[in-house]
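# An overview of the molecular structure
Chain by chain, the residues:
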Amino acid sequence: MRYRMPAALLAALCSLLIACSSPGADSAKTESAANATQPAVDAAADPIAERRAAVERVDDAAIIANASHGREWLTYNHGFSEQRYSRLKQINVDNVDRLGLAWSYNLGSTRGVEATPVVVGDTMYVTASWSVVHALDARTGEKLWQYDPQVPREYGARACCDVVNRGVAVAKGKVFVGTLDGYLVALDPATGEVLWRTDTFGHMREKKLQTITGAPRVFGDLVVIGNGGAELQTRGYLTAYNVHTGEQEWRWYSVPEDPEPPFADASMEMAAKTWDPDGAWRETGGGGTMWDSMAYDPELGLLYVGVGNGNPWNQDVRSPKGGDNLFLSSIVALKAKTGEYVWHYQEVPGDTWDFTAAQHIILADLEIDGEARKVLMHAPKNGFFFVIDRTDGSFISAEPFVDVNWAEGYDENGRPIIAEGARAKKAAREMRPSAYGAHNWHPMSFNPETGLVYIPAQGVPLAMESDPSFQPNTHQPGHPMSNLGWNIGHLVNTITPEAKPFGHLLAWDPVAQKEVWRQEYLSPWNGGTTTTAGGLVFQGSADARFIAYDAKTGDALWQVPVSSGVIAGPSTFEIDGTQYVSIAVGWGGVYGLAQRHSERMGTGRVYTFRLDGEAKMPEIPRAEDVRSTTLVSGYEYEAEDVGPGAQLYVSSCIFCHGVPGVNNGGSLPNPGYVDASVLESLPTLLIEGAWSSRGMPSFKGKLSEREAEQIAAFIQNTAESVAKQSK
Ligand code: CA
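Residues numbered from 1 in each chain as written. Predicted model: local features only at pLDDT ≥ 70, side-chain atom pairs only at ≥ 80, totals over all residues. Heavy atoms only, no water.

## Some points on the coordination of the calcium ion
Here the calcium ion is held by Glu-231 (OE), Glu-231 (OE), Asn-309 (OD1) and Asp-354 (OD), and the distances to it run 2.3 to 2.7 Å. Sequence spacing of the donor residues for the calcium ion, all on one chain, is E-x77-N-x44-D. In this pair, Glu-231 sits in strand β14 (residues 228–233) while Asp-354 sits in the loop between β22 (341–346) and β23 (361–368), placing the two residues 123 residues apart along the sequence. Among the residues examined, Glu-231 registers a relative accessible area of 8% and is labelled buried. (Donors = N, O, S within 2.8 Å, 3.2 Å for Na, K, Ca; no water. Helix = DSSP H or I, 4+ residues; strand = E, 2+ residues; numbered from the N terminus. Buried < 20%, exposed > 50% of the residue type's maximum accessible area, 1.4 Å probe, protein only.)

## Re the side chain of Ser-68
As for its placement among the helices and strands, Ser-68 is situated in helix α4 (residues 60–69). Under the relative-accessibility criterion, Ser-68 is labelled buried at 19%. In this structure the side chain of Ser-68 is engaged in a polar contact, spanning 2.6 Å, whose partner is the backbone oxygen of Ala-65. (Polar contact = N/O pair within 3.5 Å; in protein donor to acceptor, adjacent residues only side chain to side chain.)

## Structural notes on the side chain of Arg-429
On the secondary structure map, Arg-429 appears in strand β29 (residues 429–431). One buried charged side chain, Arg-429, makes no salt bridge at all; its nearest oppositely charged neighbour is Glu-408, positioned 7.4 Å away. At 3.2 Å, the side chain of Arg-429 forms a polar contact with the backbone oxygen of Asn-405. Those residues in contact with Arg-429 that lie beyond four places of it in its chain are Asn-405, Trp-406, Ala-419, Glu-420, Gly-421, Ala-422, Leu-462, Ala-463, Met-464 and Ile-495. (Lys, Arg positive; Asp, Glu negative; His and termini not counted. Salt bridge = Lys/Arg side-chain N within 4 Å of Asp/Glu carboxyl O. Contact = heavy atoms within 4.5 Å.)

## Observations concerning the domain arrangement of the chain
Taken domain by domain, the chain holds domain 1 (7–17 + 628–725), domain 2 (47–159 + 525–626), domain 3 (192–359) and domain 4 (362–438 + 443–462). Taken together, the 26 residues of domain 3 in the interface contact 29 residues of domain 4. Summed over both partners, the interface of domain 3 with domain 4 comes to about 2200 Å²; 60% of that surface belongs to carbon and sulfur atoms. In this structure, the connection of domain 3 to domain 4 is made through four salt bridges. A salt bridge links Glu-299 to Lys-374; the shortest N-O distance between them is 3.4 Å. Contributing elements (two or more residues each) for the side of domain 3 that touches domain 4: β18 (294–297), β19 (302–306), α8 (315–318) and β22. (Domains from an automatic or database assignment. Buried area = accessible area lost by both parts, 1.4 Å probe.)

## Details of the sheet that holds strand β3 (residues 118–120)
With antiparallel pairing, the four strands of this open sheet are ordered in space as β3-β4-β5-β6. Each edge of the sheet is formed by a strand with only one pairing partner; in this case those strands are β3 and β6 (143–147). Within this sheet the neighbouring strands show an average axis-to-axis angle of 20°, counted without direction. Here β3 pairs with strand β4 (residues 123–127) via three bridges, running antiparallel. (Pairing = 2+ DSSP bridges. Axes fitted to C-alpha atoms, helices over the stretch in contact; angles between N-to-C directions.)

## Side note on the packing of helix α11 (residues 642–652) against helix α15 (residues 705–725)
Look at α11 against α15: their axes get within 7 Å of each other, and the N-to-C directions meet at 100°. One element, α11, and the other, α15, form an angle in the roughly perpendicular class. Across the interface between the two elements, Val-642, Pro-644, Gly-645, Ala-646, Leu-648 and Tyr-649 of α11 pack against Glu-707, Gln-710, Ile-711, Ala-713, Phe-714, Ile-715 and Asn-717 of α15. (Parallel < 35°, antiparallel > 145°, perpendicular 65-115°, else oblique.)

Shown next, in the form of structure tokens:
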């Protein structure tokens, strides 16, 4: 039998001896060197056992040790601090122009890819759309296995924001994935076989419209996952399961179910006092989903989580008498072992604008006013950059990192000073930032050497107006997406926003709370960032490039065209002394469903680069090869159908497919560019669910044939207007 050094001991040694050999690919060498009297065994002889062993040794100590050398990429945001900062520097500012392709791998997906590739030993675990997991040889890109959870395609319509997944967690011999349809699945790292599978939705499966898109987090013997769908019909919760068995260990709800006892715990009793008992939240679930960010501090034993927006969005409907509506739009600290509430900091009391606080949380130790502080950094949708004391949740500072018109700033207690008119009940008002967020889920990164945070910042103009006739959980033509269960309570873009859309990479000094440099992009919705000790920041762009910047100056040092717009963040790792950088590419996500900014339109693909890589970049189809670019013409319709068709289009189609002929189609086609025969048969196609295998919902019972004809009339009429204008 082979001798194995206990994983915790090996990790502890590695953290002391930064030069010690990387486990995983090199583990045979490490073990034989450390135990010279033991016979050395060739690891390559049994790659399956080796792959299993590599994931078996991933525990808290290994994750901490890895952050000190960065050879592997063991967690979604690289380490418990979630900094996305790698200490690798073989690739650096002086040689990054020598980067070349090592390999690329076709994920075969056509929807958004939001995953960061996780690398353990010499194996990469990456997810694509519909929660499909791919295990690859990280040296060559060779496929080892694929796990497809066969998510029922009707879940596509329950996902506000595309059928995406942000990646796996690995620990204690298992690979964990949260599936769009609400299962947390533990896989054998060597074969992809299911070891256990637990239903995180349970009794809420039929009652609520929710999904999972986030990457689970692991610590101790727990694996934690939340849910998503605060615009639909959900109540947010976060659940910890035993990594070995999949048994539930604890669950924490972010919003109360009822204003009366019994409460799930003391935090729900506290929260219930901040909600109007007569608000629509009782019917809709209240929202507050924790669909993305978490961070674990092993020293403090705290798990931080970012809580989403309210349901319905509009507080005048949700909680008409007002109130802070805890714990919406808050960072909450829980005891990691038990899920017990410890403290919260609410960024937007009484959220009414879809201002989630679910965006990426970074932990760091910063010197502020001459004092060493343990902080948590956050750049949520609402446009302010927050620095919070993570020991007790006390407010340190918040400054806007984009143009903001909803608040004047934050007072010394950390409460926003709401701008005059921002809560106006009647007039339409342009929101800066809008519900798309000044920064959304796309991960940012923090480089302790430059002291800067690299934020994919953006603006997507939207105007909102309180919706006086809103009915919760009801299809109302003209009310955005209400036929798919959305509860917004605002009307959108009843006036034309004045601001222009933008996207830039922003280097932000979190101590001085100011911008240091920026790089402008063509559009919003650019990828997540990763920074390295090589003095670099890597980011993919909406216009389909993968770029390396000088972390100090922002100079673009290297770039390469990739298959489509990039939304995910990269990872970097080292195998056999070679540093690699990987990015999973696949355009989509909520903004990318309906529009795109790249002429290349390839399927999802992982690209992996190294110095002097010589692999040939794959040929990528162009948009005109994939989709029609000709406006629909010749469909005959009645003029009187156009008006009602527009109302139905808004309530059933608009967020996914955009305005016909105006938006150009993102990961989903725009109906302004179809053949007239499609519009002829639209009633049958919509109601029979002809595209349901691709995630397009059947509208049986939701639209009549007559209504589908009205939608077709609106599409043709709008396409004709666009054609006229472009002449
Ligand atoms: Ca939301």
